[in-house]
Amino acid sequence: ITFSFMDPMRFDDINIPANHPLRNTLTISNPLSEDQKAMRTTLVPNMLQTLSFNFHRGNQNQRLFEMGAVFIPRENDTGQKLLPLEKLTLCLAATGKWYNSSWQKKEYTVDFYYLKGIIEKVFASLGINNLNFQKSQQPFLHPGRAAAIFYKSTCLGFLGELLPAISESLHAKNRVYLAELSLDL
């Protein structure tokens, strides 16, 4: 569990361009600290911070999730600020090895399809089948190893491999896979 606040400088760490909508954050007028001066518009920076914390303590095999709100600024037609749109979001991260539950304890390396399978199972348990995965690009994901996730014509989020340079900056020894999904359907 992480705070709903973040440091906008974290967007630089994940290659978010200056004009990207994710940078349109709500600024806290009296933050607890400088690294908590904006309401988050994505769960990704906080997830990467948690991964990094664990990598620095020698844990290279991680499967994490966070479900929480992101806050999207809104205005009315006259430009007057409204209360933000609060969207329930799920962020998943996986890296390193995982083991099956049989007595043989076979070891597997986490990959794109491991996380894709988890996403499909989560949505199937909610009665949502037939997800469509389409090639996508996110500034922090490896080109060609990322997908947008659709249900019918609605984009639910994305899935992909973190850029190697970002993974290295976190001190990951394996590829890191991320997904972020809107649960407000």
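Data block above holds the structure.
Now for a quick tour of the structure.

Reading the values: rules and limits
Residues numbered from 1 in each chain as written. Predicted model: local features only at pLDDT ≥ 70, side-chain atom pairs only at ≥ 80, totals over all residues. Heavy atoms only, no water. Helix = DSSP H or I, 4+ residues; strand = E, 2+ residues; numbered from the N terminus. Buried < 20%, exposed > 50% of the residue type's maximum accessible area, 1.4 Å probe, protein only. Contact = heavy atoms within 4.5 Å. Areas by Shrake-Rupley, 256 points an atom, 1.4 Å probe, with all protein chains shown as cover. Lys, Arg positive; Asp, Glu negative; His and termini not counted. Charge placed at Lys NZ, Arg CZ, Asp CG, Glu CD. 1 Å grid on protein atoms, 1.4 Å probe; cavity = no way out; pocket = protein on both sides within 12 Å on 5 of 7 lines; lining within 4 Å. Points joined across faces, edges and corners; volume = space filled by probe spheres on them. Nonpolar A, V, L, I, M, F, W, Y, C, P; charged D, E, K, R; others polar. Pairing = 2+ DSSP bridges.

### Quick notes on the overall build of the protein chain
Moving on, step 1. For the protein chain, the count of helices and strands is 4 helices and 10 strands.
Moving on, step 2. Sequence-ordered secondary structure for the protein chain, helices as α and strands as β, is β-α-β-α-β-β-β-β-α-β-β-β-α-β.
Moving on, step 3. Relative to its 185 residues, the protein chain shows a buried fraction of 42%.
Moving on, step 4. Sequence-distant contacts, at least 24 apart, represent 53% of the contacts inside the protein chain between residues at least 6 apart.
Moving on, step 5. As displayed, the protein chain offers around 10900 Å² of accessible surface, 52% of which is attributable to carbon and sulfur atoms.
Moving on, step 6. With 19 positive and 16 negative side-chain charges, the protein chain shows a separation of 8 Å between the mean positions of the two kinds.

### Considering the layout of surface pockets
Moving on, step 1. In this structure, the largest pocket occupies an estimated 430 Å³ of space.
Moving on, step 2. Lining of the largest pocket is provided by 21 residues; of these, Leu22, Thr41, Lys87, Phe158 and Glu180 occupy positions nearest its centre.
Moving on, step 3. If you list the elements that add at least two residues to the lining of the largest pocket, you get strand E3 (62-75), strand E4 (81-95), strand E9 (154-162) and strand E10 (176-182).
Moving on, step 4. Looking at the lining of the largest pocket element by element, the count peaks at 4 residues for E9.
Moving on, step 5. Taken together, the residues of the lining of the largest pocket sort by class into 11 nonpolar, 8 polar and 2 charged.
Moving on, step 6. Here the second largest pocket is characterised by a volume of approximately 220 Å³.
Moving on, step 7. Together, Thr2, Phe3, Phe5, Met6, Asp7, Arg10, Asp35, Gln36, Asn46, Gln49, Thr50 and Phe53 line the second largest pocket.
Moving on, step 8. Secondary structure elements with two or more residues in the lining of the second largest pocket: strand E1 (5-6) and helix H2 (44-55).

### Side note on the pairing of strand E7 (residues 132-135)
Moving on, step 1. Pairing of E7 with strand E8 (residues 141-151) involves 4 bridges; the strand directions are antiparallel. Paired with Gln134 across the strands is Ala148, a residue of E8.
Moving on, step 2. Once E7 ends, the chain turns through 5 residues before running back antiparallel as E8.

All quantities given are derived from atomic positions and should not be read as evidence of function.
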